Amino acid sequence: MEVSANSNKFFGFFKERKGISFLKENDKIIRQFIFTIFFIGIGIWFIKHEKSELKEVKNVLADASSLWIICGIALAAFYIILQALMYSVSFKAVQSEVSFKQAVILFLKRNFVSVFLPAGGISSLAFFTKSIEKRGVKPTQIHFASLIYGFVGILSVIIVAIPALIYSLFQGTAGSGVLYAFAAVVGLSIFVFIIYNSIIKKGSIYRFTIKFFPSAEIFIDDFRSNKIIKEKFLQVVFYSIIIEFVGIAHLYVAMIALGFTPSLAAAAMGYIISVIFLIVSPFLRGLGAIEISMSFILIQYGFENVNAIAITFLYRFFEFWVPLLAGASLFLFSANKLLMRIVPSFLLFVLGLINIVSV
């Protein structure tokens with residue numbers, strides 16, 4: 001009875017103080033706080049989970065050829081440049097423009113946060129738009145360009161995967177799980193195209209969205225007014241296909257760096273299968289699933305278990321850890337700039353306190 005009375009008092013106080021209106025007014029701040037806590041929690045778990053992989057990567061790097069590691073890192077830099085060019089041309093495809101530097105920063109930051117977000121490859125496309133908006137680019141153009149970037153990223157995987165899977169079927173190395181994953185990627189591409197087509201033609205998805213979210217009508221109409229320049233769209237596809245070949249090259253270089261006889265077929269299939277699992281996986285960009293699937297494919301192509309795992313770890317260093325660390329450095333650089341603004345003020349404050357206390 002006492003607990004019930006106390007709870008009634010609390011809710012009465014909450015209502016009297018207009019707690020509900022407070023929550024509504026500060027809804028955005030509260031959601032940002034919850035999201036930040038979630039982000040930090042996932043980050044802590046990720047660091048703990050990846051300690052073992054980082055140790056293995058260190059051991060693998062110690063055994064690998066220094067020259068080929070440099071080649072792999074150079075390929076990783078080329079990979080980042082291609083991703084930035086893909087972003088840049090995606091904006092040009094919607095009759096907008098971002099500088100190459102902005103495109104590099106956008107890719108690295110989105111790539112970094114995608115590791116910690118659910119369905120990170122897609123959900124990260126909504127982040128880090130403010131700096132581009134300040135340059136005069138409309139939010140709808142930013143999201144439209146990001147949609148093109150994301151869609152083409154999936155499309156290029158399908159384009160490269162189809163001949164590789166056909167070859168693998170004739171060789172008998174493609175299992176049913178791989179085919180299911182590939183079917184899921186194709187289904188996802190078709191689903192995205194159906195949504196886009198329905199919005200453009202004011203179909204059922206458009207009407208459903210307007211019915212339940214009337215405030216979205218202005219945004220969607222602005223989105224519909226954006227035209228795609230076909231030549232630029234095809235250029236985005238071209239860059240994205242080159243990115244897939246760079247990924248295959250990374251795996252091939254990892255084989256050579258560790259002193260194993262390289263196999264182009266194994267590199268192509270190992271890369272494609274890992275990317276398919278990356279797209280399908282909803283959490284942490286396929287961590288775990290990618291390592292297992294790639295190692296499994298390499299074993300099927302004649303590599304011993306330990307060797308396949310070592311190649312996979314070195315590939316992960318080139319393709320995953322180098323861009324991730326580059327993205328992390330951007331956030332640390334921003335933090336340093338913030339500290340440079342705060343620290344002098346803090347030191348002046350402390351000096352003032354010391355003067356007062358000394359008097």
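None of the values given here were measured: they were computed from a predicted structure.

Q: Explain the overall build of the protein to me, please; I cannot follow it from the model alone.
A: Check the secondary structure of the protein and you find 16 helices and zero strands. Looking at the protein residue by residue over its 359 residues, the buried ones come to 40%. For the protein, the accessible surface area stands at approximately 20,600 Å², while carbon and sulfur atoms represent 70% of it.

Q: Is there a simple way to explain unusual backbone geometry in this structure?
A: Generally, phi is negative for residues other than glycine and the peptide bonds are trans, each holding for most cases. One non-glycine residue with positive phi stands out, namely Q95, at about 60°. Its location among the elements puts Q95 in the loop between α5 (66-93) and α6 (100-114). Positive phi outside glycine occurs at F128, with the angle close to 60°. According to the relative accessible area criterion, F128 is partly exposed, its value standing at 25%.

Q: Sorry, what's going on with the side chain of S263 here?
A: Looking at where S263 falls in the secondary structure, it is placed in the loop between α13 (230-257) and α14 (264-280). For S263, the residues in contact, after removing those within four places along its chain, are Y252, M255 and Y301.

Q: Just checking my understanding: could you explain the environment of F331 for this structure?
A: With respect to the secondary-structure elements, F331 resides in helix α16 (residues 305-358). If we skip the residues at most four places from it in the chain, F331 touches K109, F112, V113 and F128.

Q: Got a minute to help me understand helix α15 (residues 289-300) in this structure?
A: Residues that lie three or four places apart on an α-helix share one face, since the helix turns once every 3.6 residues. With twelve residues, α15 extends 17 Å between its outermost C-alpha atoms, agreeing within 8% with the 16 Å of an ideal straight helix rising 1.5 Å per residue. Of the residues making up α15, those classed as buried are I290, E291, S293, M294, S295, I297 and L298. At the exit of α15 stands G302, carrying a positive phi of roughly 105°.

Q: What should I look at first to understand the packing of aromatic side chains in this one?
A: Between two aromatic rings, the relevant description is the distance of the centres plus the angle of the planes. One pass over the structure, following the stated rule, counts seven aromatic pairs. Where Y79 meets F107, the ring centres are 6.0 Å apart and the plane angle is 75°; that geometry is what we call edge-to-face. Separated by 28 residues along the polypeptide, Y79 in helix α5 and F107 in helix α6 bring together distant segments of the chain. Summarising the burial analysis for this pair, Y79 and F107 share the class buried. Measuring from centroid to centroid gives 3.8 Å for Y87 and Y149, while their planes differ by 10°, and the two rings are stacked. On the criterion of sequence distance, the pair formed by Y87 in helix α5 and Y149 in helix α9 (residues 139-171) is long-range, its members being 62 residues apart. Residue Y87 is classed as buried on the basis of its relative accessible area of 1%. The cationic tip of R316 hangs over the ring face of F320; the distance from NZ or CZ to the ring centre is 4.2 Å.

Q: Just checking my understanding: could you explain the environment of V280 for this structure?
A: Following the sequence through the fold, V280 ends up in helix α14. When its relative accessible area of 40% is taken as the criterion, V280 is described as partly exposed. Here the alpha-carbon distance between V280 and L188, two residues 92 residues apart in the chain, equals 8.8 Å.

Q: Is there a simple way to explain the nonpolar core in this structure?
A: One finds Y87, F91, M255, L298, I311 and L314 to be the most contacted residues of the largest nonpolar core, which totals 81 residues. Sequence-distant contacts of F91, that is, excluding residues within four places in its chain, are made with S96, E97, V98, L106, I132, V137, Q141, I142 and A145.

Q: What is the right way to look at a nonpolar patch on the surface in this model?
A: Residues F78, I81 and F100 make up a contiguous nonpolar surface patch of about 260 Å² in total accessible area. As for its placement among the helices and strands, I81 is situated in helix α5.

Q: Please clarify how the packing of α5 against α6 should be interpreted in this entry.
A: Taken N-terminus to C-terminus, the directions of α5 and α6 make an angle of 110°; their axes are 8 Å apart at the nearest point. Between α5 and α6, the angle falls in the class roughly perpendicular. For the pair α5 and α6, the sense of crossing is right-handed. Along the contact surface, α5 presents Y79, I80, I81, Q83, A84, L85, Y87, S88 and F91, while α6 presents F100, A103, V104, L106, F107, L108 and R110. Residues that form the contact of α5 with α6 fall into these classes: 13 nonpolar, two polar and one charged.

Q: Is there a simple way to explain the side chain of H250 in this structure?
A: Turning to its location among the elements, H250 is positioned in helix α13. In terms of polar contacts, H250 uses its side chain to reach the backbone amide nitrogen of A76, at 3.2 Å.

Q: Would you mind going over the confidence of the model for the protein with me for this structure?
A: When pLDDT is averaged along the protein, the result is 76; 67% of the residues meet or exceed 70. Mean pLDDT across the secondary structure elements of the protein bottoms out at helix α1 (residues 2-16), with 51, and peaks at α5, with 95.

Q: Even after reading the chapter, I still don't get the packing of α5 against α13, so can you show me in this structure?
A: When two helices pack together, you describe them by how their axes are tilted relative to each other and by the distance separating the axes. Orientation of α5 relative to α13, taken along the N-to-C sense of each, is 170°, at an axis distance of 9 Å. By the angle between their axes, α5 is roughly antiparallel relative to α13. Read as a crossing pair, α5 and α13 show a hand that is left-handed.

What counts as what
- Residues numbered from 1 in each chain as written.
- Predicted model: local features only at pLDDT ≥ 70, side-chain atom pairs only at ≥ 80, totals over all residues.
- Heavy atoms only, no water.
- Helix = DSSP H or I, 4+ residues; strand = E, 2+ residues; numbered from the N terminus.
- Buried < 20%, exposed > 50% of the residue type's maximum accessible area, 1.4 Å probe, protein only.
- Areas by Shrake-Rupley, 256 points an atom, 1.4 Å probe, with all protein chains shown as cover.
- Contact = heavy atoms within 4.5 Å.
- Expected span 1.5 Å × (residues − 1).
- Phe/Tyr/Trp six-rings, centres within 6.5 Å; stacked < 30°, edge-to-face > 60°.
- Lys NZ or Arg CZ within 6 Å of the ring centre and 35° of its normal.
- Core = buried A, V, L, I, M, F, W, Y, C linked by side-chain atoms within 4.5 Å.
- Patch = residues over 30% accessible without salt bridge, like charges linked within 9 Å, V, L, I, M, F, W, Y side chains within 5 Å.
- Salt bridge = Lys/Arg side-chain N within 4 Å of Asp/Glu carboxyl O.
- Axes fitted to C-alpha atoms, helices over the stretch in contact; angles between N-to-C directions.
- Parallel < 35°, antiparallel > 145°, perpendicular 65-115°, else oblique.
- Left-handed = near helix turned anticlockwise from the far one by under 90°.
- Nonpolar A, V, L, I, M, F, W, Y, C, P; charged D, E, K, R; others polar.
- Polar contact = N/O pair within 3.5 Å; in protein donor to acceptor, adjacent residues only side chain to side chain.
- pLDDT = per-residue confidence, 0-100.

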